[in-house]
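Structural overview for review
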Amino acid sequence: MTISKALTIAGSDSGGGAGIQADLKTFQELNVYGMSVITAVTAQNTKGVHGVHSMPIQSVRAQLDAIGTDLFPNALKTGMLGSSDIIEAIAERIDFYNMTQLVVDPVMVAKGGQKLLDDNAINTILEKLLPFTKIITPNIPEAEVLTGRSINSLEDQKRAAHLIQSYGAEVVVVKGGHGNSSEVVDVVYDGSQYTLLTGNRYHTMNTHGTGCTFSAAITAQLAKGESIIDAILVAKQFIEAAIRENLHIGSGHGPTNHWAFRETEDARISTIKKQIVKL
Ligand SMILES: Nc1ncnc2c1ncn2[C@@H]1O[C@H](COP(=O)(O)OP(=O)(O)OP(=O)(O)O)[C@@H](O)[C@H]1O
Ligand SMILES: Cc1ncc(CO)c(N)n1
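It should be emphasised that the depicted structure is a prediction, and the values quoted were computed from it without experimental measurement.

Describing the pattern of salt bridges
Under the criterion given, the structure shown has 12 salt bridges. For Glu92, the salt bridge goes to Arg93, with nearest N and O atoms at 2.8 Å. Judged by relative accessible area, which is 12%, Arg93 ranks as buried. Close ionic contact of Glu155 with Lys158 constitutes a salt bridge, the shortest N to O distance being 3.3 Å. Placement of the pair is Glu155 and Lys158 together in helix H6 (residues 154-166), with a separation of 3 residues, close to one helical turn. Look at Glu155 and you get partly exposed, because its relative accessible area is 42%. Classification of Lys158 as buried rests on a relative accessible area of 12%.

Looking at the packing of aromatic side chains
The final tally for this structure, using the stated rule, is 3 aromatic pairs. The interplanar angle of 35° and the centroid separation of 4.7 Å between the aromatic rings of Tyr189 and Tyr194 together place this pair among those described as tilted. The pair formed by Tyr189 and Tyr194 is uniform in burial state, with each residue classed as buried. Measuring from ring centre to ring centre gives 5.4 Å for Phe238 and Phe261, while their planes differ by 45°; the resulting arrangement is tilted.

Examining the site of ligand 1
Near ligand 1 there are 19 residues, and of these Lys111, Lys175, His178, Asp186 and Lys236 occur at the shortest range. Between ligand 1 and Lys175 there is a distance of 2.8 Å, counted from an oxygen atom to a side-chain nitrogen or oxygen. Contacts to ligand 1 include Gly211, whose backbone N or O atom sits 2.9 Å from an oxygen atom. Its free accessible area being 630 Å², ligand 1 has 94% of it covered by the protein chains. Secondary structure elements with two or more residues in the shell around ligand 1: strand S8 (183-189), helix H7 (210-223) and helix H8 (228-244).

Here we look at a negative patch on the surface
The grouping of Asp85, Glu88, Asp118 and Glu127 at the surface amounts to a negative patch. Its place among the elements puts Asp85 in helix H3 (residues 84-96).

A closer look at the confidence of the model for the protein chain
Here the protein chain shows a mean pLDDT of 95. Residues at 70 or above account for 99%. In the predicted complex, the global pTM is 0.97; the interface-specific ipTM is 0.98.

Topic: the sheet that holds strand S7 (residues 171-174)
Spatially, 10 strands are ordered S3-S2-S1-S4-S5-S6-S7-S8-S9-S10 in an open sheet, and the strand pairing comes out mixed. If you trace the sheet from one side to the other, it starts and ends with strand S3 (48-54) and strand S10 (273-278), each paired once. Along the sheet, successive strands turn relative to each other by an average axial angle of 25°, direction set aside. In this structure, strand S2 (residues 33-45) lies alongside S3, joined through 6 bridges in antiparallel fashion. Within S3, the position partnered with Thr42 by the bridge is Val52.

What to know about the pairing of S7
Residues Val171 and Val173 point to one face of S7 and Val172 and Val174 to the other, with burial holding for every one of them. Pairing geometry for strand S6 (residues 133-136) and S7, over 2 bridges, is parallel. For Ile136, the partnering residue across the bridge sits in S7 and is Val172.

What about the packing of H7 against H8?
Remark: H7 packs on H8, axes separated minimally by 8 Å, with the N-to-C direction vectors making an angle of 140°. In this view, H7 runs oblique relative to H8, as classed from their interaxial angle. Here the hand of the crossing between H7 and H8 comes out right-handed. Within the contact between the two elements, H7 uses Thr210, Thr213, Phe214, Ala217, Ile218, Gln221 and Leu222 and H8 uses Ile228, Ala231, Ile232, Val234, Ala235, Lys236, Phe238, Ile239 and Ile243. Considered class by class, the residues forming the contact of H7 with H8 number 12 nonpolar, 3 polar and 1 charged.

Some points on the UniProt feature "domain: Pyridoxamine kinase/Phosphomethylpyrimidine kinase" (unreviewed entry) in the protein chain
Following the UniProt record, the feature "domain: Pyridoxamine kinase/Phosphomethylpyrimidine kinase" (unreviewed entry) maps to residues 13-257 here. As annotated, residues 13-257 has a helix share of 39% and a strand share of 21%, and its two end C-alpha atoms lie 15 Å apart.

Topic: the packing of H3 against helix H4 (residues 122-129)
Orientation of H3 relative to H4, taken along the N-to-C sense of each, is 10°, at an axis distance of 9 Å. In terms of their interaxial angle, H3 and H4 are classed as roughly parallel. For the pair H3 and H4, contact is made by Ser84, Ile87, Glu88, Ala91 and Ile94 and by Thr124, Ile125, Lys128 and Leu129, respectively.

Re helix H5 (residues 140-147)
It helps to recall that an α-helix has 3.6 residues per turn; residues three or four apart then point in one direction. Of all the residues in H5, the buried ones are Ile140, Glu142, Ala143, Leu146 and Thr147. End-on view of H5: buried residues confined to an arc of 160°, all on one side of the axis. The inward-facing, buried residues of H5 contact H4, S6, H6 and S7. At the exit of H5 stands Gly148, carrying a positive phi of roughly 70°.

Each value, and the rule that gives it
- Along each chain, residues carry numbers from 1 onward, in the same order as the chain's sequence is written.
- As they are written, the chains are lettered A onward and the ligands numbered 1 onward, keeping that order.
- Reporting of local features is limited, given that this is a predicted model, to residues whose pLDDT is at least 70; pairs of side-chain atoms are given and counted only at 80 or more, and all residues count toward the totals for whole chains, interfaces and linings.
- Excluded from the side-chain calculations are hydrogens and water; all other atoms, namely the structure's heavy atoms, are used.
- Within this document, salt bridges are pairs made up of a side-chain nitrogen of Lys or Arg and a carboxyl oxygen of Asp or Glu, the two lying within 4 Å of each other.
- Think of it in three bands: with a 1.4 Å probe and only protein chains considered, a residue is buried below 20% of the maximum accessible area for its type, exposed above 50%, and partly exposed in between.
- Numbered from the N terminus, helices here are DSSP runs of H or I no shorter than four residues, and strands are runs of E no shorter than two.
- Two rings from Phe, Tyr or Trp (for Trp, the six-membered ring) form a pair when their centres sit within 6.5 Å of each other. Planes less than 30 degrees apart are called stacked, planes more than 60 degrees apart edge-to-face, and all others tilted.
- Working definition: residue near molecule or strand if any one of its non-hydrogen atoms lies within 4 Å of it.
- Pairs of N or O atoms within 3.5 Å make up the polar contacts considered here, provided that, within protein, one atom can donate a hydrogen while the other can accept it, and that residues adjacent in sequence are counted only when both atoms are side-chain atoms.
- Here the Shrake-Rupley method, with its probe set to 1.4 Å, supplies the accessible areas, and only the displayed protein chains count as covering residues.
- Every patch collects residues that have over 30% relative accessible area and no salt bridge, joining them within 9 Å if they carry like charges and within 5 Å if they are nonpolar side chains (Val, Leu, Ile, Met, Phe, Trp, Tyr).
- Charged-residue counts in this description rest on Lys and Arg as positive and Asp and Glu as negative, His and the chain ends being excluded.
- To locate a charge, the coordinates of NZ of Lys, CZ of Arg, CG of Asp or CD of Glu are taken.
- Looking at any residue, its pLDDT shows the predictor's confidence there, from 0 to 100.
- A pair of strands is treated as paired once DSSP finds two or more bridges between them.
- Only C-alpha atoms enter the line fits that serve as axes; for helices the fit covers just the stretch in contact. Angles between N-to-C directions range over 0 to 180 degrees.
- For classification purposes, angles smaller than 35 degrees are called roughly parallel, those larger than 145 roughly antiparallel, those between 65 and 115 roughly perpendicular, and all remaining angles oblique.
- Crossing handedness follows the turn of the near helix against the far one: under a right angle anticlockwise gives a left-handed crossing, and clockwise gives a right-handed one.
- Contacts: residue pairs with any heavy atoms within 4.5 Å of one another.
- The residue classification treats Ala, Val, Leu, Ile, Met, Phe, Trp, Tyr, Cys and Pro as nonpolar and Asp, Glu, Lys and Arg as charged. All others, Gly included, are polar.
- UniProt positions are given in the numbering used here, feature names are shortened, and annotations may be inferred rather than shown by experiment.
- The directions from the helix axis to the C-beta atoms are what the arc is built from.

If you want it as structure tokens, here you go:
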């Protein structure tokens with residue numbers, strides 16, 4: 001039996017809905033062996049981020065070395081990275097170990113508005129990490145920061161995906177969770193065509209960690225050898241089920257339900273439609 005292995009390089013969320021915890025739960029649900037490199041420990045619950053403790057660079061490097069020299073991952077993702085120094089150390093090690101199949105979730109702020117990335121680190125993501133990136137998955141506010149342009153329509157979302165792809169990532173997904181239309185559209189651009197993934201919008205406060213879970217599901221599918229577009233499609237179905245069957249715990253932005261995709265037969269009746277738009 002072949003064991004597929006995935007690595008997350010991200011921050012710990014004590015509340016369990018986002019970050020390392022969401023990623024490992026998602027890997028497990030998708031039958032992939034999960035590993036982690038912790039960049040920061042956050043004191044967090046559904047009401048917000050109450051503290052952030054960044055890990056020393058030597059510790060981040062040592063965690064990556066431990067994995068690179070033994071349990072080599074078939075695919076990996078980054079989430080909360082915090083600072084330029086940590087990003088540089090990670091990019092250097094990813095290059096050294098020739099870790100391919102990298103998914104970058106350019107986490108900048110938590111749902112409650114607290115910053116999870118230094119302002120000067122945004123350029124470091126573009127300069128140091130993008131050259132190794134297979135898929136980058138900004139939400140709308142992150143895509144606005146990365147491009148310096150506001151996004152108010154589907155056309156703007158497509159333009160942002162096009163521009164970010166030209167910076168060096170192989171494939172860009174500009175996620176539509178932050179809009180307010182009745183449907184959510186995630187725009188995928190691979191350098192030659194757009195794929196629009198459209199599904200119902202669920203009106204709920206419980207969307208803490210949606211981006212982490214989505215990018216972890218893509219990473220798990222890549223680790224199993226699935227094609228990029230099929231991996232993104234499964235991830236969209238996984239996160240739709242997790243949001244629709246969310247858990248109603250905590251008094252703020254609650255977590256999604258990481259076992260919904262497996263548990264509920266209905267959860268597999270996805271509303272996601274795929275439309276390809278040639279340039
Ligand atoms: N209310 C919703 N209904 C349906 N799908 C949603 C909803 N909100 C987000 N999604 C989906 O969840 C995935 C993550 O999108 P989103 O824009 O919320 O990411 P994010 O802001 O990076 O998440 P977070 O920062 O909380 O981890 C996307 O595939 C998006 O389409
Ligand atoms: C640790 C961590 N990573 C990512 C996010 C974004 O959802 C969060 N809130 N916390």
